[in-house]
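Here are the chains, one letter per residue:
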There are 2 protein chains.
Amino acid sequence: MTTATPPRQLHLNVNILHSGFVPSAWRLPGSDPGAFIDVHHYTRVAQIAEAAKFDAVFLADNAAIADQIHLRPITAIEPTILLASMAAATSRIGLIATASTSYNEPYNIARRFASVDHVSAGRAGWNMVTTADLASARNFGRQEVPDHQQRYARAGEFATVVKRLWNSWEDDALVADKATGQFVDAAKVHPILHQGSHFAVHGALTLPRSAQGHPVLVQAGGSADGLQLAAEHAEAVFTASTTLEESLAYANKLRAAVRAAGRPAGSLKVLPGLTTIVGATEAEAVRRRDELVDLIPWEYNVTRLAGILGIAPDRLHADQPLPDHIELPAGGNGNHTFFHATLSAGRRDKLTVRELVRRLAGGGGHRVVVGTPEQIADDLAHWFASGAADGFNLMPDVLPDGLQDFVDGVVPLLQRRGLFRTEYTGSTLREHLGLARPPRH
Amino acid sequence: MTTATPPRQLHLNVNILHSGFVPSAWRLPGSDPGAFIDVHHYTRVAQIAEAAKFDAVFLADNAAIADQIHLRPITAIEPTILLASMAAATSRIGLIATASTSYNEPYNIARRFASVDHVSAGRAGWNMVTTADLASARNFGRQEVPDHQQRYARAGEFATVVKRLWNSWEDDALVADKATGQFVDAAKVHPILHQGSHFAVHGALTLPRSAQGHPVLVQAGGSADGLQLAAEHAEAVFTASTTLEESLAYANKLRAAVRAAGRPAGSLKVLPGLTTIVGATEAEAVRRRDELVDLIPWEYNVTRLAGILGIAPDRLHADQPLPDHIELPAGGNGNHTFFHATLSAGRRDKLTVRELVRRLAGGGGHRVVVGTPEQIADDLAHWFASGAADGFNLMPDVLPDGLQDFVDGVVPLLQRRGLFRTEYTGSTLREHLGLARPPRH
């Protein structure tokens, strides 16, 4: 008698970017423009994703108005509050939110995410970001953004402190013996006594470990510093790769760095971001994309693209190609890679600015797949089989409709091919992702 | 035709102190010792309070283990996460939580509470505290507690910034015109451009105003600095008065300070803390109290009382009166007032330490009423009629049972006397408390 090894399956998160990835999503006849501040919008999307057995929802964040709010929604509600709301409305799906290491204190972040982990019975994840925008810096007493290296040095120490706080209680510290009156075995609750260059934190945390040990640590940066941070701390990485080759190279580099940091290779999952636009036929999907993109005010597109290129907006003309003699953004660093590849291809193919903007699907900085459910399932399966991805952080064009299209069309195909679960086998985020419950040290 | 003025009614909050106010509450046969980290415990208590038409739930907080955790539960889960959970499980009751002005950034606090206000459709309140304990200071890079004046200077500027952020959007800033593509009228979203001695915050907030304008601002300190802070900013004050005379004097001082700050007197509600121990007869209620207090490990009582008195624990003996020649804590500053009054009376009556501890009901620092529903209703009505209280922040001995006893026994009596609502007339916390929706400036 032999025991079959369970087949390797891919992981799916849905990134709930308010009304959807495409900046005009709120303008569709079926969209509620108030969705970005409506908790029911978020819980509804989470319930659709849970019914489809997704691993997790994912919330981006910015503690500032960091986009052209006169033309599109922003991340408005503080995302751990939304996670708690979604925890109450679901029972199995994982709950990941973003929080900045530059504009928070590690004790507060450790406690907040551990709290979400407790109220959700072990379904929380923290996506740590260092926050590169000036608008955020200005809300926290700074006139400029701390430089990249400084931000990542702080982030590394921040993550260390947070993990030590999450592990400050031994698993059997809570005694609760009504007969003797002993509530906690204080010898099993350990102050962390951290003294570093950025933080001094005595500890312990106010909370025991959770059903999954502690929240899953997610990271999103693609720079050299980001890779090192991920190698040391992250259990899932949300990447921004455009081509399979590039994603595979990056995933392998990441896996090697994880091993070099003394961790098992399987302890980190690579989840590229992916915008999906689903149609019954390829032509319908492309038409849907073009209509959506054409519904973005031109001012938005031009401002956004000019910003990426570092040029004045008036140098861009809708029906002309990109001006000659401008430098494209360098690759190799998160979203920039995506822009570099798309803009290079655009220049090669002599696309007009309007055509380019369509390819960028509004310029959010992630790969866009446009097609039938079969085409999208093939794409996912190909990336997954090659090792370029352990799964995907999906950013549907429009929410909830684009997610519903994906769930109805693509998920059954993935399930039929044995690539995606048909039922949850675990109850924690860590179990969904195939990550071990971390030991205390 | 005349319009009847609605009768003045009192306000009731329940302070959800994990298993209950008395430190031994977790040891009762019916108590779940894991309640302090069980979200369902909190939502159940909130639902009982909502069924009884309470104004709000209230959550204390400490971002540190600040009590003898080997003997009793602590405030463990970060309270805004619990508010979001309770928001999902209720529809009308207000939701107030505590957060520190010393160990947070105003942008984060403004955003977090505004987020709770949005997910609860206008039911949030923020209890601002300056955090006086050393354990908290040590979790945020400090080796000692910042001094009182320093903490209150920061708190005053903190509150100013938070309120300006809450008001940074005009009420009609969100346009969401699908036809034109205008999402927000950016001219109606105002950076606050705050430059102060403690903070520099550009703004605006990521969120529009809520159904109630912005969260209700609650304050709890009884010192001179605390009074000034309340007079300028607070809309409800959680006080710790022991006698009616003292409470009335304090309430009048507070109301005068509010007027002096240019605000209408009714714009601040005085809500003394009150621990309730309900019995079918007075003797049964006293027996319940004594049994509960006697279930607290003696080590806890001695450590706590010695801490209040500033003496070594070995100077206290259960069956002897307080030692002579020790100074009682001075009155006039929050919980200290309660201790001063109770300890003075104890010395006068030559109570033993054990009897004193019973009167303190475990030493949590608030007035304790022990009696039948009629006696408790009389007490509340008397305080309310005299002007010493606009309502009460109730701290039932045991949760949820002690709240259920209050709701079943005391609430109907108050309702019969016309002193408490029998149905919600509004849907926001501000409406429950009879506070006007604040203008933007």
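These numbers come from a predicted model, not from an experiment.

Chemist: So what exactly am I meant to see when it comes to the overall build of chain A here?
Modeler: Broken down by element type, chain A carries 14 helices and 11 strands. Since a compact globule built from 441 residues should have a radius of gyration of about 22 Å, the 22 Å found for chain A is in line with a globular shape. Considered along the principal axes of its C-alpha atoms, chain A spans approximately 80 × 60 × 45 Å. Counting the 441 residues in chain A, one finds 63% classified as buried. For chain A, contacts bridging at least 24 residues in sequence account for 77% of all contacts bridging at least 6. Here chain A displays about 16000 Å² of accessible surface, and carbon together with sulfur accounts for 52% of that area. Positive and negative side-chain charges of chain A, numbering 41 and 45 respectively, have mean locations separated by a distance of 3 Å.

Chemist: Explain the domain arrangement of chain A here, please?
Modeler: Often the size quoted for an interface is simply the accessible area lost on bringing the parts together. Residues and elements named next belong to chain A. Assigned domains of chain A: these are domain 1 (11–277 + 367–432) and domain 2 (297–361). Summarising the inter-unit geometry, the C-alpha centres of domain 1 and domain 2 are found 29 Å apart. Contact with domain 1, which involves 16 residues of that partner, is made by 16 residues of domain 2. The contact between domain 1 and domain 2 buries some 1300 Å² in all, and 60% of this surface belongs to carbon and sulfur atoms. Linking domain 1 to domain 2 there are zero salt bridges. One can count four residue pairs in polar contact (both at pLDDT 80 or more) joining domain 1 with domain 2. For the side of domain 1 that touches domain 2, a count of residues per class yields six nonpolar, five polar and five charged.

Chemist: Mind showing me how you'd approach the pattern of salt bridges here?
Modeler: Two side chains with opposite charge may pair up if their charged atoms get near one another. Across all of its chains, the model carries 42 salt bridges over all chains by this definition. Between Arg255(B) and Asp390(B) there is a salt bridge; the shortest N-O distance is 3.6 Å. A residue pair is termed long-range when its members are at least 10 positions apart, and Arg255(B) in helix α7 (residues 244–260) and Asp390(B) in the loop between α12 (373–386) and β11 (391–394) qualify at 135 residues. Of the two residues examined, Arg255(B) and Asp390(B), each falls in the buried class. Each of the salt bridges in this network shares a partner with another, and the network as a whole consists of Arg289(A), Asp290(A), Asp294(A) and Arg358(A).

Chemist: Can you walk me through the side chain of Ser223(A) in this structure?
Modeler: All names here are of chain A. Within the fold, Ser223 resides in the loop between β7 (216–219) and α6 (224–233). Of the residues examined, Ser223 reaches a relative accessible area of 9% and is grouped as buried. Within the structure, Ser223 has its side chain in polar contact with the side chain of His148 (distance 3.3 Å). A distance of 3.0 Å separates a polar atom in the side chain of Ser223 from the backbone nitrogen of Gly226.

Chemist: I keep staring at the packing of aromatic side chains and nothing clicks. Help me out?
Modeler: Any pair of aromatic rings gets described here by the distance separating the centres and the angle formed by the planes. Residues and elements named next belong to chain A. One pass over the structure, following the stated rule, counts 24 aromatic pairs over all chains. Ring geometry for Trp126 against Phe158: centres 5.8 Å apart, planes inclined by 45°, an arrangement best described as tilted. Of this pair, Trp126 sits in strand β4 (residues 124–129) while Phe158 sits in helix α5 (residues 148–166), and the two are 32 residues apart along the sequence. Among the residues examined, Trp126 registers a relative accessible area of 0% and is labelled buried. With a centroid separation of 5.5 Å and an interplanar angle of 85°, the aromatic rings of Phe158 and Phe199 are classed as edge-to-face. You can see Phe158 sitting in helix α5 and its partner Phe199 sitting in the loop between β5 (194–195) and β6 (200–201), a full 41 residues away along the chain. A single burial state applies to Phe158 and to Phe199, both of which are buried. Three or more aromatic residues link up through ring pairs in this structure, and these residues are Phe113, Trp126, Phe158, Trp166 and Phe199. We note Arg354 situated over the ring of Trp298; from NZ or CZ to the ring centre the distance is 5.2 Å. The residue whose ring lies beneath Arg367 is Trp383, and the NZ or CZ to ring-centre distance is 3.8 Å.

Chemist: What should I look at first to understand unusual backbone geometry in this one?
Modeler: For residues that are not glycine, phi is negative in most cases, and the peptide bond is trans in most cases. Residue Ala204(A) follows Gly203(A) across a cis peptide bond; omega there is -5°. Tracing the sequence through the fold places Ala204(A) in the loop between β6 and β7. Note that the residue after Leu399(B), namely Pro400(B), is joined by a cis bond; omega there is 0°. Residue position: Pro400(B) is located in the loop between β11 and α13 (401–416). With phi around 40°, His18(A) is a residue other than glycine that occupies positive phi space. Looking at the secondary structure, you find His18(A) in the loop between β1 (11–15) and α1 (39–51). In this structure His18(A) comes out as buried when scored by relative accessible area, which is 3%. Non-glycine residue Thr131(A) carries a positive phi angle of around 65°. When you line up the elements, Thr131(A) lands in the loop between β4 and α4 (134–138). On the basis of relative accessible area, Thr131(A) is assigned to the buried category, the value being 13%.

Chemist: Just checking my understanding: could you explain the UniProt feature "binding site: FMN" (unreviewed entry) in chain A for this structure?
Modeler: Residues and elements named next belong to chain A. What UniProt calls "binding site: FMN" (unreviewed entry) maps, in this numbering, to Asp61, Thr98, His148, Tyr152 and Ser223. Residues from the annotated list that form part of the lining of the largest cavity: Asp61 and Thr98. Checked against the element boundaries, His148 lands in helix α5. Of the residues examined, His148 reaches a relative accessible area of 29% and is grouped as partly exposed. When sequence neighbours within four positions are dropped, the list of residues in contact with His148 reads Ser223 and Asp225. In this structure, Tyr152 sits in helix α5. The exposure class assigned to Tyr152 is buried, which follows from its relative accessible area of 13%.

Chemist: What exactly am I supposed to notice about the environment of Phe238(B) here?
Modeler: All names here are of chain B. If you trace the backbone, Phe238 turns up in strand β8 (residues 236–239). For Phe238, a relative accessible area of 10% gives the class buried. As a C-alpha pair, Phe238 and Gly426 span 188 residues in sequence and 22 Å in three-dimensional space.

Chemist: In this structure, what is going on with the pairing of strand β2 (residues 56–59) of chain B? I would like to understand it.
Modeler: Residues in a regular strand point their side chains to alternate faces of the sheet. Residue and element names in this part refer to chain B. By the alternation rule, side chains of β2 split into Ala56 and Phe58 and Val57 and Leu59, which are all buried. At this point the chain moves from strand β1 (residues 11–15), through helix α1 (residues 39–51), to the parallel β2, and the crossover so formed is right-handed. The pairing of β2 with strand β3 (residues 94–100) spans four bridges and is classified as parallel. The residue bridging Phe58 from the neighbouring strand is Ile96, located in β3. Crossover handedness for the path β2 to helix α2 (residues 79–89) to β3: right-handed.

Chemist: Please clarify how helix α12 (residues 373–386) of chain A should be interpreted in this entry.
Modeler: Three or four residues apart is the spacing at which side chains of an α-helix point the same way, because the helix has 3.6 residues per turn. Residue and element names in this part refer to chain A. For α12, which comprises 14 residues, the first-to-last C-alpha distance of 20 Å matches the rise-based estimate of 20 Å (1.5 Å per residue) to within 8%. For α12, the elements touching its buried residues are β1, α7 (244–260), β9 (269–278), β10 (367–371), β11 (391–394) and α13 (401–416). A positive phi of about 90° marks Gly387, the residue just after α12.

Criteria and cut-off values
Residues numbered from 1 in each chain as written. Chains lettered and ligands numbered in written order. Predicted model: local features only at pLDDT ≥ 70, side-chain atom pairs only at ≥ 80, totals over all residues. Heavy atoms only, no water. Helix = DSSP H or I, 4+ residues; strand = E, 2+ residues; numbered from the N terminus. Rg over C-alpha atoms; globule rule 2.2 N^0.38 Å. Buried < 20%, exposed > 50% of the residue type's maximum accessible area, 1.4 Å probe, protein only. Contact = heavy atoms within 4.5 Å. Areas by Shrake-Rupley, 256 points an atom, 1.4 Å probe, with all protein chains shown as cover. Lys, Arg positive; Asp, Glu negative; His and termini not counted. Charge placed at Lys NZ, Arg CZ, Asp CG, Glu CD. Domains from an automatic or database assignment. Buried area = accessible area lost by both parts, 1.4 Å probe. Salt bridge = Lys/Arg side-chain N within 4 Å of Asp/Glu carboxyl O. Polar contact = N/O pair within 3.5 Å; in protein donor to acceptor, adjacent residues only side chain to side chain. Nonpolar A, V, L, I, M, F, W, Y, C, P; charged D, E, K, R; others polar. Phe/Tyr/Trp six-rings, centres within 6.5 Å; stacked < 30°, edge-to-face > 60°. Lys NZ or Arg CZ within 6 Å of the ring centre and 35° of its normal. UniProt positions renumbered as here; feature names shortened; annotations may be inferred. 1 Å grid on protein atoms, 1.4 Å probe; cavity = no way out; pocket = protein on both sides within 12 Å on 5 of 7 lines; lining within 4 Å. Right-handed = clockwise from strand over helix to strand, strands pointing away. Pairing = 2+ DSSP bridges. Expected span 1.5 Å × (residues − 1).

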